[in-house]
Amino acid sequence: MKTVQAPVEWQFDKVMLAVKLAAAGFIWAIVYWFLEPVTGAIAYGLLGLDPASHLGSAVGFFLYDVPKILLLLSLIVFLVGILRSFFTPERARVALGGKREGVGNVLAAMLGIVTPFCSCSAVPLFLGFVESGVPLGVTFSFLIAAPMINEVAVVLLFGMFGWSVAALYMATGLAIAILAGWVIGRLRLEHWVADWVYEVRMGEAQFMEDKRDWSNRVEYAVQAVRDIVGKVWPYIVAGIAVGAAIHGYVPEDFMAGIMGKNAWWSVPVAVLVGIPMYSNAAGIVPVVQALVEKGAALGTVLAFMMAVIALSLPETIILKRVLKWQLIAVFLGVVGTGIMLVGYLFNAVL
Amino acid sequence: MNIKILGSGCANCNRLEALVREVVGELGIPAEIEKVTDYKEIMRYGIMATPGLVIDGSVKSAGRIPDKAAVVQWVISAQAAQ
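Computed from a predicted model, the values in this text were never measured in an experiment. Think of each chain on its own: its residues are numbered from 1, step by step along the sequence as written. A letter from A marks each chain and a number from 1 marks each ligand, given out in the order of writing. This being a predicted model, a pLDDT of at least 70 is required before a residue's local features are given, and a value of 80 or more before pairs of side-chain atoms are given or counted; all residues contribute to the totals for chains, interfaces and linings.

1. Concerning the overall build of chain B
Piece 1. Labels follow the DSSP assignment, with helices taken as runs of H or I lasting at least four residues and strands as runs of E lasting at least two, numbered in each case from the N terminus. A tally of helices and strands in chain B yields 3 helices and 4 strands.
Piece 2. For chain B, the N- to C-terminal ordering of α and β elements is β-α-β-α-β-β-α.
Piece 3. Taking the principal axes of the C-alpha coordinates as reference, chain B spans close to 30 × 25 × 20 Å.
Piece 4. As a rule, residues whose C-beta atom has 12 or fewer other C-beta atoms within 10 Å are exposed, those with 20 or more are buried, and those in between are partly exposed; C-beta atoms are placed from the backbone. Per-residue burial over chain B gives 34% buried out of 82 residues.
Piece 5. Any two residues are considered in contact once their C-beta atoms, placed from the backbone, lie within 7 Å. Put simply, of all contacts in chain B between residues at least 6 apart along the chain, 61% involve residues at least 24 apart.

2. What to know about the overall build of chain A
Piece 1. When you go through chain A residue by residue, the secondary structure sums to 15 helices and 0 strands.
Piece 2. The 350 residues of chain A split such that 42% are buried.
Piece 3. Contacts spanning at least 24 positions in sequence make up 88% of the contacts within chain A whose residues lie at least 6 apart.

3. Some points on the interface of chain A and chain B
When the parts of a complex come together, some accessible area is lost, and that lost area is often used as the size of the interface.
Piece 1. The interface of chain A with chain B comprises 21 residues on the first partner and 18 residues on the second.
Piece 2. At the level of secondary structure, the elements contributing two or more residues to the side of chain A that touches chain B comprise α3 (89–96) and α5 (122–131) of chain A.
Piece 3. The element best represented in the side of chain A that touches chain B is α5(A), accounting for 5 residues.
Piece 4. In this classification, Asp, Glu, Lys and Arg are treated as charged, Ala, Val, Leu, Ile, Met, Phe, Trp, Tyr, Cys and Pro as nonpolar, and every other residue, Gly included, as polar. Residue classes in the side of chain A that touches chain B are distributed as 13 nonpolar, 4 polar and 4 charged.

4. Brief notes about the nonpolar core
Residue and element names in this part refer to chain A.
Piece 1. Joining buried Ala, Val, Leu, Ile, Met, Phe, Trp, Tyr and Cys residues through C-beta atoms within 7 Å gives a set, and that set is a nonpolar core. Core analysis: the biggest nonpolar cluster contains 120 residues, and Ile144, Ala145, Ala303, Met305, Met306 and Ile339 have the highest contact counts within it.
Piece 2. Among the domains, domain 1 (1–86) and domain 2 (153–194 + 245–349) are the pair contributing at least three residues each to this core.
Piece 3. In contact with methionine 306, not counting residues within four places along its chain, are Met148, Gly173, Ile339 and Val342. Throughout, the edges of the domains are those of an automatic or database domain assignment.

5. With respect to the pairing of strand β4 (residues 58–62) of chain B
All names here are of chain B.
Piece 1. Pairing between two strands is assigned when DSSP locates at least 2 bridges connecting them. Here 4 bridges tie strand β3 (residues 52–55) to β4, and the two strands are oriented antiparallel to one another. Bridge pairing links leucine 53 to serine 61 in β4.
Piece 2. Where β3 folds back onto β4 in an antiparallel hairpin, the turn is made up of 2 residues, including aspartate 56, whose phi is positive at roughly 50°.

6. Considerations on helix α11 (residues 266–274) of chain A
Piece 1. Within the sequence span of α11(A), burial applies to Ser266(A), Val267(A), Ala270(A), Val271(A) and Gly274(A). Buried residues in α11(A), looked at end-on, bunch into an arc of 130°, giving them a common side. Think of it as the arc spanned by the lines of direction from the helix axis to the C-beta atoms.

7. A few points about the domain arrangement of chain A
All names here are of chain A.
Piece 1. Parsing chain A into structural domains produces domain 1 (1–86) and domain 2 (153–194 + 245–349).
Piece 2. Taken together, the 10 residues of domain 1 in the interface contact 8 residues of domain 2.
Piece 3. In terms of residue class, the side of domain 1 that touches domain 2 is made up of 7 nonpolar, 2 polar and 1 charged.

8. Observations concerning helix α15 (residues 325–349) of chain A
Residues and elements named next belong to chain A.
Piece 1. Expected helix span is given by 1.5 Å per residue-to-residue step, counting one fewer step than there are residues. Between the first and last C-alpha of α15 there are 36 Å, a value that for 25 residues agrees with the 36 Å anticipated at 1.5 Å per step.
Piece 2. For α15, the complete set of buried residues consists of Leu327, Phe331, Val334, Val335, Gly336, Gly338, Ile339, Met340, Val342, Gly343, Phe346 and Asn347.
Piece 3. Elements in contact with the buried residues of α15: α6 (136–148), α8 (163–186), α11 and α13 (298–310).

9. A short note on the confidence of the model for chain B
Piece 1. Per-residue pLDDT for chain B has a mean of 86; in total, 100% of the residues score no lower than 70.
Piece 2. This complex was scored by the predictor with a pTM of 0.81 and an ipTM of 0.79. Note on scores: pLDDT gives the predictor's confidence for each residue, bounded by 0 and 100.

10. So, unusual backbone geometry
Residues and elements named next belong to chain B.
Piece 1. Note the cis peptide between threonine 50 and proline 51, where omega equals 0°.
Piece 2. Inspection of the secondary structure assignment puts proline 51 in the loop between α2 (39–43) and β3.
Piece 3. You will see that aspartate 56, though not glycine, has its phi angle at about 50°, which is positive.

11. Considerations on the packing of α8(A) against α15(A)
Helix packing for two helices is described by the angle between their axes and how far apart those axes are.
Residue and element names in this part refer to chain A.
Piece 1. Between α8 and α15, the least distance of the axes is 10 Å, while the angle of their chain directions is 145°. Pair α8 / α15 crosses with right-handed handedness. On the side of α8, the interface is formed by Thr172, Ile176, Leu179, Ala180, Val183 and Ile184, while α15 contributes Val330, Phe331, Val334, Val335, Gly338, Ile339 and Val342.
Piece 2. Grouping the constituent residues of the contact of α8 with α15 by class yields 11 nonpolar, 2 polar and no charged. Helix axes are fitted to C-alpha atoms over the stretch in contact, other axes to C-alpha atoms as well, and angles between N-to-C directions run from 0 to 180 degrees. Helix crossings fall into two classes, left-handed where the near helix is turned counterclockwise from the far one by less than a right angle and right-handed where it is turned clockwise.

12. Some remarks on the sheet that holds β4(B)
Residue and element names in this part refer to chain B.
Piece 1. Spatially, 4 strands are ordered β2-β1-β3-β4 in an open sheet, and the strand pairing comes out mixed. On the outer flanks of this sheet lie β2 (32–36) and β4, each paired with one strand and no other. Taking the axes of each pair of neighbouring strands and ignoring which way they run, one obtains an average angle of 20° across the sheet.
Piece 2. Along the sheet, helix α1 (residues 11–27) makes contact with β1 (2–6), β2 and β3, crossing β1 at roughly 160°.

13. Quick notes on the pairing of β2(B)
Residue and element names in this part refer to chain B.
Piece 1. Here 5 bridges tie β1 to β2, and the two strands are oriented parallel to one another. Opposite lysine 4, over in β2, you have glutamate 34 as the bridge partner.
Piece 2. Seen with its strands pointing away from the viewer, a crossover is right-handed when the path leading from the first strand over the helix to the second is clockwise. In this region the chain leaves β1, passes through α1 and returns to the parallel neighbour β2; the handedness of that crossover is right-handed.

14. Things to note about the packing of α11(A) against α15(A)
Residue and element names in this part refer to chain A.
Piece 1. It is at 9 Å that the axes of α11 and α15 come closest, and there the two elements cross at 140°. Judged by the angle between their axes, α11 and α15 are oblique. Judged by the sense of rotation from one axis to the other, the crossing of α11 with α15 is right-handed. Here Val267, Pro268, Ala270 and Val271 of α11 lie close against α15, whose contacting residues are Gly336, Ile339, Met340, Gly343, Tyr344 and Asn347.
Piece 2. By residue class, the composition of the contact of α11 with α15 is 7 nonpolar, 3 polar and no charged. Comment on the angle field: the value is read as roughly parallel under 35 degrees, roughly antiparallel over 145, roughly perpendicular from 65 to 115, and oblique elsewhere.

15. Notes on the environment of Trp264(A)
All names here are of chain A.
Piece 1. For tryptophan 264, the position within the fold is in the loop between α10 (256–259) and α11.
Piece 2. Taking the C-beta count within 10 Å as the criterion, tryptophan 264 has 10 such neighbours and is therefore assigned exposed.
Piece 3. C-alpha of tryptophan 264 to C-alpha of tyrosine 344: the two residues are 80 residues apart in sequence and 8.3 Å apart in space.

In structure tokens:
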């Protein structure tokens, strides 16, 4: 129960919160700014390694990248957490109920990105959407966008490849979510949804949303940072270690033959290999970066990454409860094809 | 008191169950704790994200693991209401 606070108290709380956030941001920026020189000094100065040597270059890469990525990740997860605090699955359901395809697909994909989503919620969410009259294809646009365009992947891509690649990943991911969802909708596959789904009667949403104020939102975002970074950092460290080893030891152009631009078959193979694999983005991206450095085509490895993240076995297993296998096959096929096309596009353009 | 945890087998749902058992144990309140994994049942409570927490038929939280203090508060209130 929120008691009405005297105006002065209320202002003070808000100001304190703003001050804390500003201070945290300031510290973050300082640390980030000095990361490269300091880690360079440690690797090459303190440890006396030769930057041109295999070991030196691998260690330098590792020491610099681990804190850099962790810092970026913390920042973005925090900001996305604040953004996500404004969205709930219930709101998405209301926004999408009864929307026709086309517009609905676009809206669903965008909502999929900003609505908090965990793959175990896929089924209740699916059921809720169906019950609200959200078209099947629109629901799929949501379910494709949500896991694929996750902030961890985007941050890591930004950290390793820069703005343009991260933005391109987001844009094409969004496009795939919209188009694949639309295609699935057009195919009129409602009969391949498990029968019991249409018999579910969802209870009245009696759960009242907490009124959220800014300090709640910040708490939520901080908790998200703890959860996500806490869960993901071992994968990042391991991935960067592998990346560092590849960076330091594998000769240039080694991958060009297998995964380079001229190996046209590498894109479909990468996607097919990626589909049954499941990893969070954190583990994959550093490896991806090192492969690219050694001559693998960026499009191929990004397609691989998308296939791994967007089409995950655990989610498929969960969805199997509500979808007949034929629909799952169509889902995998349509999204897989979309990813392949994106792979070719990236190879041609980047 | 009847406490239901709605969700099917993901890590968060198990954590919520553990948290609830811990709170109930610490408070020493007799409560029946059930795990609901059937989706038709879960949907009857009108939530769209698991894990969900239901105390004496009323939904207290959905889609997240509430902090322990909140769970304590709800259990105590539910006890008082009996």
